[in-house]
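An overview of the molecular structure
Here are the chains, one letter per residue:
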Amino acid sequence: MNGMDRPLRLPAASNRQHNGVPAAAGPGGAPGWLAPVTLLLLLLLTACASPGPPPPPPPPVLVAESTWWQVDRDIAAAARAATAPAGEHAGAAMAKWRQRVQHYCETDFIPWFTSYGTQQWLAIKVAWYRLGNEGTSDPAAGRLAAYLQEQYQERVLDPVVREVDPAEVRKTATRIYQRTLGAALTGIRQRHAVPADQFDRRLQRIPAISLAPPPAHDASLLQFMRADPLAALPAYGALLDRIRAAAADSGGTDDSRLSPAARRASEQALTRLTTSGAASAAAAIIGGVPGAVITLGAFGAGLAAHEKQRPEIEAQLRANLDASLAEMWFSLVENPSSSVMAAVHYLATRIDDDLTPARPQPVELAPRPQEILLPAAPGLDIEDLHEDESPDEDEDIDEEDDTEREQ
């Protein structure tokens, strides 16, 4: 058979194929070593992208004692200065309160009290107060004063409170003080570069309200600054209770006792009604005891006679109302323990007293002891001793005397 009849032979495979071990190949024919290399690269990239360990905390800031001393001085000064904005608000509000009180006095209370009908009604009330009173004391003046004060409250003070409430003025002034002082404290901390946590601990040690017991009636400056609303702070509520009690003692609007002005007005009205005979006529109408007052005429003096007396009645009443307003003004504005600024003054004084060091008192030196002259020796005259003579001059004089003797 010739060569053309032999079958074609395939080319020889490599030794590896020849040995029966196929060549490694990845997906799509990629080399097998590429997969672990890719995984290694991904791990390295992930390690580079992940954040490293957190940096160590910075060392604590040490604030020098001299800095704290200056911080305390600035806080005390800020506590005093913050009273100014609060005082401006309170002053403007109370000026309006006084104006409205005078307005309602002139337009309501004085016309009501001095009218002919009111005077007759007061005469009936006086006669009623005296009915059945067999004692020596006359309760009419006191009961009439209570009635007049009740009318003054309803006709003057209650309408004014709906416009300007002194209790709300007190609370608003305290909130203004809190806000103003808070802004100043932030500036102090930033100016002296004091860390916030250390500054807060400093404020926690400064007392703002000290009314314990109980302990809840004490509050630090930090607690006062963070109270929102202020009514949530028990110590602030205790402070307001203390101020209201002081206002009642000094004759403020919360006072329920009879004011001296109301007593004077009732006594003057009682005298006028008695002398005019109105009270006796009223007593006769309601069946009063005979002889309660001396009857001088029929019921009332008449409208014409009353109008003649009306200017005098108005002048007396206006003087009493001015005195009553002066009492309330002192309690609400001038008295530091009961005024609308009482809470602000208390806080500023408490903070300032704690932070301001006591001023050194001048040292009084004892007077110098007087010199005691010793008695002179016998035969020696004190006047012959002169302080301006020196020992050298005495020696010169002695030498001149010896020379004269030798000659």
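This text goes with the structure placed above it.
Okay, so let's go over this structure.

With respect to helix H7 (residues 166-191)
Taking 1.5 Å of rise per residue, the 26 residues of H7 would be expected to cover 38 Å, and the 37 Å separating its terminal C-alpha atoms lies within 8% of that figure. Of all the positions in H7, only Pro166, Val169, Arg170, Ala173, Thr174, Ile176, Tyr177, Gln178, Leu181, Leu185 and Ile188 are classed as buried.

Thoughts on the nonpolar core
Counting residues in hydrophobic clusters, the biggest one holds 81 residues, and the most contacted among them are Ile75, Trp97, Tyr177, Ile209 and Leu221. The element best represented in this core is helix H4 (residues 83-114), accounting for 12 residues. With sequence-adjacent residues up to four places away left out, tyrosine 177 is seen in contact with Ala79, Ala82, Thr83, Ala86, Phe224, Val344, Leu347, Ala348 and Ile351.

Observations regarding the packing of H7 against helix H8 (residues 196-204)
It is the contact of H7 with H8, at a shortest axis distance of 11 Å, that shows an interaxial angle of 130°. Considering their axes alone, H7 and H8 lie oblique with respect to each other. For the pair H7 and H8, the crossing hand works out as right-handed. Residues Leu185, Ile188 and Arg189 of H7 touch H8, and the partners they reach there are Ala196, Phe199 and Leu203. Per-class residue counts for the contact of H7 with H8 are 5 nonpolar, no polar and 1 charged.

Here's the deal with helix H3 (residues 65-81)
In this model, H3 (17 residues) spans 24 Å end to end at C-alpha, consistent with the 24 Å of a helix rising 1.5 Å per residue. Here the buried face of H3 lies against H4, H7, H8, helix H9 (221-226) and helix H14 (342-355).

What about the pattern of salt bridges?
Between side chains of opposite charge, a pair can form when the charged atoms approach closely. If you walk through the whole model with that rule in mind, you get 11 salt bridges. Across the pair aspartate 352 and arginine 80 runs a salt bridge, and its minimum N-O distance is 2.8 Å. Of the two residues, aspartate 352 is situated in helix H14 and arginine 80 in helix H3; the sequence distance between them amounts to 272 residues. Classification of arginine 80 by relative accessible area gives partly exposed; the value is 41%. Note that glutamate 163 and arginine 100 form a salt bridge whose closest N and O atoms lie 2.8 Å from each other. Of this pair, glutamate 163 sits in helix H6 (residues 140-163) while arginine 100 sits in helix H4, placing them 63 residues apart in sequence.

As for the packing of aromatic side chains
The tally for this structure, following the rule as stated, stands at 5 aromatic pairs. Seen from their ring centres, phenylalanine 109 and tryptophan 112 are 5.6 Å apart, and the 45° between their planes marks the pair as tilted. Remark: tryptophan 112 and phenylalanine 109 occur in helix H4; sequence separation between them is 3 residues, near one turn of the helix. Taking the relative accessible area as the measure of exposure, phenylalanine 109 reaches 3% and is therefore buried. Here tryptophan 112 falls in the buried class, since its relative accessible area comes to 14%. Taking 5.5 Å as the distance between ring centres and 90° as the angle between the ring planes, the aromatic pair formed by phenylalanine 109 and tyrosine 152 counts as edge-to-face. You can see phenylalanine 109 sitting in helix H4 and its partner tyrosine 152 sitting in helix H6, a full 43 residues away along the chain. Taken as a pair, phenylalanine 109 and tyrosine 152 share a single burial class, namely buried. When the ring centre of tryptophan 329 is taken as reference, the NZ or CZ atom of arginine 98 above it lies at 4.8 Å.

Parameters and conventions
Residues numbered from 1 in each chain as written. Predicted model: local features only at pLDDT ≥ 70, side-chain atom pairs only at ≥ 80, totals over all residues. Heavy atoms only, no water. Helix = DSSP H or I, 4+ residues; strand = E, 2+ residues; numbered from the N terminus. Expected span 1.5 Å × (residues − 1). Buried < 20%, exposed > 50% of the residue type's maximum accessible area, 1.4 Å probe, protein only. Core = buried A, V, L, I, M, F, W, Y, C linked by side-chain atoms within 4.5 Å. Contact = heavy atoms within 4.5 Å. Axes fitted to C-alpha atoms, helices over the stretch in contact; angles between N-to-C directions. Parallel < 35°, antiparallel > 145°, perpendicular 65-115°, else oblique. Left-handed = near helix turned anticlockwise from the far one by under 90°. Nonpolar A, V, L, I, M, F, W, Y, C, P; charged D, E, K, R; others polar. Salt bridge = Lys/Arg side-chain N within 4 Å of Asp/Glu carboxyl O. Phe/Tyr/Trp six-rings, centres within 6.5 Å; stacked < 30°, edge-to-face > 60°. Lys NZ or Arg CZ within 6 Å of the ring centre and 35° of its normal.

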